[in-house]
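For reference, the chains in residue letters:
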Amino acid sequence: MVTLGIEEEYLLLDPQSGLPANKAEQVAEHLHVSNRIHEDDIQRELLDCQIETATPVCHTLTEAEESLLNFRRQLHDAARKSGVRAASTGTAPRIEDAYPTLTDKPRYHQLKRSAPGVVGDQFVNGIHVHVAIPDQEAGVQALNRIREWLPVITAMSTNSPYWMDRDSGFCSWRVIHYRRWPVQGCTPLFKDAADYQRRIQRLIDTGVIIDSGVLTWIARLSDHYPTLEVRAGDAQLEAQDSVLLAGLIRGLVTTAVADAVADRPYRTPNDELLDAALWQAARNGIGNQLVDFQSEKLVPAQNQIDALIRHIRPALEDEGDLDWIHAGLKTLHERGTGADRQRTAMNDGGLPALIDLYGSTLGAERAANIT
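Residues numbered from 1 in each chain as written. Predicted model: local features only at pLDDT ≥ 70, side-chain atom pairs only at ≥ 80, totals over all residues. Heavy atoms only, no water.

### Digging into the overall build of the chain
This is how the line gets drawn: Counting from the N terminus, the helices are the DSSP runs of H or I reaching at least four residues and the strands are the DSSP runs of E reaching at least two. Exposure categories follow from relative accessible area, calculated using a 1.4 Å probe and restricted to protein chains: below 20% of the type maximum is buried, above 50% is exposed, and the middle band is partly exposed. Note on definitions: a residue-residue contact is assigned when non-hydrogen atoms from the two residues lie within 4.5 Å. Accessible areas in this description were obtained via Shrake-Rupley with a 1.4 Å probe; residue shielding takes into account the shown protein chains only.
Scanning the chain from N- to C-terminus turns up 13 helices and 13 strands. Along the first, second and third principal axes, the C-alpha set of the chain runs to 55 × 45 × 40 Å. By residue count, 58% of the 371 residues in the chain fall in the buried class. Partitioning the contacts of the chain with sequence separation of at least 6, the portion at a separation of at least 24 is 78%. For the chain, the exposed area adds up to about 15,400 Å²; of that, 48% sits on carbon and sulfur atoms.

And the structure:
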């Protein structure tokens, strides 16, 4: 069984104004005293209004969901004790004019010096899914093969329509926001692992990025673990949404690794078309059309989701994930993406209803009970 792990980022918001609240230290202190949270579960992010967690290495989707559910419930309680609300959304719906308070780490201050205007607006949260790979060479060959499927993963993950007190017109404003970083979007094609490392080092040597951690490609090899990390998704409203994405991504990566071993051919979309497809996915979510790289035409989003499932079905069956994925997709189609649900809440009750949505989905979740 191929292992996986999930990293999630959360915003802390003032419950009345909806503005980001610099209470990460207080929230973390409450989390540290919980006997249901391990020390390694709690991580600080770039801004003092953010908290991050990572599951342990998981063999099953059930393990991953249980880990996320436990942390989310504890985070919900810790945030309320600190007078704030924790929100699993890809962007803050509104922000203050003042420059944000950074978490006091040397690397974060170095980031600010390198790109102050970008860091100053970095009120964004994502989900990062790690999938185990045999080695870096297999990982690079898998990166080459998953590129065409990343826009549909992005479309299914969209959960950040609001920014600066208005609807951005995009289902994922986080994806658009990230385009301001110097190295972003889908990875280019690489010849091999040595080519991958050489080209990253060249970027670092230019000074445009301070280290490989600032590579904001939506898929990359992890610097710290023997994994391929997919970062295409917004932070998700509910744990089951995150686990659905993780199951799809595990199926996609394991399929790519197997295809590389078998030396099966794969499509290599033009970079500009791939970039346009990612932009289109961020704008439309699953409610409209996406780019099909076989025909190079726009098709209904459901066609692309169906094509993805056909492509990775053997891997899903091998991992025992197929029933989970089908159930998760059914739920996704019934209630929409996070962006759809955020817009419904805002239309029904304005900002208070949106903040209630964040709180209710984080604090009152229950396991999907699919094994």
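### Considering the nonpolar core
Stated precisely, the cut-off is as follows: Residue types Ala, Val, Leu, Ile, Met, Phe, Trp, Tyr and Cys, when buried and joined through side-chain atoms within 4.5 Å, form a set referred to as a nonpolar core.
Counting residues in hydrophobic clusters, the biggest one holds 97 residues, and the most contacted among them are Ile146, Met156 and Leu228. In terms of residue count, the dominant contributor to this core is helix α9 (residues 239-261) (11 residues). Leaving out residues up to four positions away in the same chain, Ile146 has contacts with Ala219, Leu228, Val230, Leu252 and Ala256. With 17 residues, the next largest nonpolar core counts Val27, Ala28, Leu31 and Ile37 among its residues.

### So, the packing of aromatic side chains
The criterion, for reference: Between rings of Phe, Tyr and Trp, where Trp is taken as its six-membered ring, a pair exists when centres lie within 6.5 Å; planes separated by under 30 degrees are stacked, by over 60 edge-to-face, and by other angles tilted.
Throughout the structure, instances matching the rule amount to six aromatic pairs. For the pair Phe170 and Trp173, a centre-to-centre distance of 5.5 Å together with 65 degrees between the ring planes defines the contact as edge-to-face. According to the relative accessible area criterion, Phe170 is buried, its value standing at 12%. Taken together, the ring pairs in this structure connect Phe170, Trp173 and Trp279 into an aromatic cluster.

### Considerations on the side chain of Asp234
We apply this condition: Identification of polar contacts relies on pairs of N or O atoms within 3.5 Å, with a donor-acceptor requirement for protein atoms, meaning one able to donate a hydrogen and the other able to accept it, and with residues adjacent in sequence counted only if both atoms are side-chain atoms.
Looking at the secondary structure, you find Asp234 in strand β11 (residues 227-234). Owing to a relative accessible area of 0%, Asp234 belongs among the buried residues under this scheme. Here Ser172 takes part through its side chain, which lies 2.9 Å from a polar atom of the side chain of Asp234. Once you skip the residues sitting within four places of it in the chain, Asp234 turns out to touch Gly90, Asn125, Gly126, Ile127, Ser157, Thr158, Asn159, Ser160, Cys171, Ser172 and Arg174.

### What to know about the pairing of strand β3 (residues 50-54)
Stated precisely, the cut-off is as follows: Two strands pair if DSSP finds at least two bridges between them.
Taking burial as the measure, the five residues of β3 include five buried ones, the bulk of the element. The alternating pattern of β3 places Gln50, Glu52 and Ala54 on one face and Ile51 and Thr53 on the opposite face, and all of these are buried. In terms of strand pairing, strand β1 (residues 4-13) meets β3 through five bridges, oriented antiparallel. Residue Glu7 lies in a different strand from β3, and its bridge partner there is Ala54. In this sheet, β3 lies alongside strand β2 (residues 43-44) in antiparallel orientation, the contact comprising two bridges. Residue Arg44 lies in a different strand from β3, and its bridge partner there is Ile51. Counting the residues between successive antiparallel strands, the hairpin from β2 to β3 contains five residues.

### Considerations on the pattern of salt bridges
How we decide: By convention in these notes, a salt bridge is any Lys or Arg side-chain nitrogen within 4 Å of a carboxyl oxygen on Asp or Glu.
Counted according to the given criterion, the structure contains 22 salt bridges. The salt bridge partner of Arg44 is Asp48, with a shortest N-O separation of 2.6 Å. According to the relative accessible area criterion, Arg44 is partly exposed, its value standing at 22%. Ionic pairing is found between Glu229 and Arg231, a salt bridge with its closest N-O pair at 3.1 Å. Pair check on accessibility: Glu229 and Arg231 agree, each one buried. Via salt bridges that share partners, Glu238, Asp241, Arg335 and Arg341 belong to a single interconnected network.

### Thoughts on the state of the cysteines
As a reminder of what qualifies: Any two cysteine sulfur atoms within 2.5 Å of one another count as a disulfide.
A full pass over the atoms with the stated rule returns zero disulfides. Among the cysteines around Cys186, which has no disulfide bond, Cys171 carries the closest sulfur, lying 18 Å off. With a relative accessible area of 15%, Cys186 lands in the buried category.

### With respect to the packing of helix α11 (residues 301-319) against helix α12 (residues 322-335)
Between two packed helices, what matters for the description is the angle formed by their axes and the separation of those axes. Our working rule: Orientation is described by lines fitted to C-alpha atoms, with helices fitted over the stretch in contact, and by angles between N-to-C directions that extend from 0 to 180 degrees. Our angle categories are set so that under 35 degrees counts as roughly parallel, over 145 as roughly antiparallel, 65 to 115 as roughly perpendicular, and the remainder as oblique. Helix crossings get a hand from a simple test, with the near helix turned counterclockwise from the far one by less than a right angle marking a left-handed crossing and a clockwise turn marking a right-handed one.
Where α11 contacts α12, the two axes come as close as 10 Å, and the packing angle between them is 160 degrees. The orientation of α11 with respect to α12, classified from their angle, is roughly antiparallel. The two elements α11 and α12 cross, and the hand of that crossing is right-handed. Residues Gln302, Ile305, Ile309, Arg313, Leu316 and Glu317 of α11 lie in contact with α12, whose contacting residues are Leu322, Ile325, His326, Leu329 and His333.

By themselves these figures say nothing about function.
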